[in-house]
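# Chain and residue survey
What follows is the residue order along each chain.
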Amino acid sequence: MSTVARCPNCAAEMARLSLAAHYGAVVEIDHCAACRLLWFDQMETANLTHDGLLELFRLIAASEAAAERPLGERLQCPRCSGPLERIHNMSRYGRMIHFRCRKADGHAVTHAQFLAEKGLLRNVAEADLAQPNRLMAVACRQCGAPLHALRDCNCPYCGAPVVMLDIERAVESLAGHDRERQDVDAQKNAERDALIERLMATLDGR
């Protein structure tokens, strides 16, 4: 793996992030704060611990204050330099957009797309408009305009759907992430115990 990844959007050097993974491992991903892009060589987020995800969420939040560089029409793979294709994946929270290398060298995802995939962001619904206190500090993810008083679910400046931080779903997402990992660990432990029992039975039968 290359030690330096170039941003798929601006071609600047991306920052390498080392995040806590399960079983004491470390997951490395690449990040361009100016373009708000994350690069994953594989499905690293599935291996992140609760603390690793929180660290990544904090980094994304710290980057939000800086001006965002718009995404170009063509994104380039930092590994093979080929074009990235826009694809739609499904998560438990709905359809998500990734930018994938055609040679399976990895994929890029924006901050907003990553947070939506993890259940932290969702589109504003009609029911949310009746609770203006939940819409504080909302800004349009498309044009960046501040949205202090929404009258409908779309940005009044560019017309894009407005997204909001959903704290309840964020908590649920992190809890679900831990439950899934616990289920995987329990299954592996059960398979290990069954293998040991079979080996012991074989040895006893000799």
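Residues numbered from 1 in each chain as written. Predicted model: local features only at pLDDT ≥ 70, side-chain atom pairs only at ≥ 80, totals over all residues. Heavy atoms only, no water.

With 66% of its residues at a pLDDT of 70 or more, the protein chain shows a mean pLDDT of 76. Element-level mean pLDDT values for the protein chain span from 62 in helix α4 (residues 167-204) up to 93 in strand β3 (residues 37-40). (pLDDT = per-residue confidence, 0-100. Helix = DSSP H or I, 4+ residues; strand = E, 2+ residues; numbered from the N terminus.)

Here T110 is to be found in strand β6 (residues 107-110). Residue class for T110 comes out buried when judged on its relative accessible area of 12%. (Buried < 20%, exposed > 50% of the residue type's maximum accessible area, 1.4 Å probe, protein only.)

Moving on, we come to the sheet that holds strand β4 (residues 84-91). With respect to topology, 6 strands assemble into an open sheet ordered β1-β2-β3-β6-β5-β4, the strand pairing being antiparallel. Edge strands, defined here as strands with exactly one partner in the open sheet, are β1 (15-20) and β4. Between one strand axis and the next, the sheet turns through 35° on average, direction left out of account. Across 6 bridges, β1 lies against strand β2 (residues 26-32) in antiparallel orientation. For A20, the partnering residue across the bridge sits in β2 and is V26. Sheet strands touched by helix α1 (residues 50-63): β1, β2 and β3. Its angle to β1, the strand with the most contacts, is close to 145°. (Pairing = 2+ DSSP bridges. Axes fitted to C-alpha atoms, helices over the stretch in contact; angles between N-to-C directions. Contact = heavy atoms within 4.5 Å.)

The subject of this paragraph is the pattern of salt bridges. According to the stated counting rule, one finds 7 salt bridges in the structure shown. A salt bridge links E28 to R16; the nearest nitrogen and oxygen atoms lie 3.0 Å apart. A residue pair is termed long-range when its members are at least 10 positions apart, and E28 in strand β2 and R16 in strand β1 qualify at 12 residues. On the basis of relative accessible area, E28 is assigned to the partly exposed category, the value being 35%. Classification of R16 by relative accessible area gives partly exposed; the value is 28%. A salt bridge links D30 to R79; the shortest N-O distance between them is 3.0 Å. Of the two residues, D30 is situated in strand β2 and R79 in the loop between α1 and β4; the sequence distance between them amounts to 49 residues. Residue classification places D30 among the buried residues on the basis of a relative accessible area of 1%. Residue classification places R79 among the partly exposed positions, given a relative accessible area of 21%. (Salt bridge = Lys/Arg side-chain N within 4 Å of Asp/Glu carboxyl O.)

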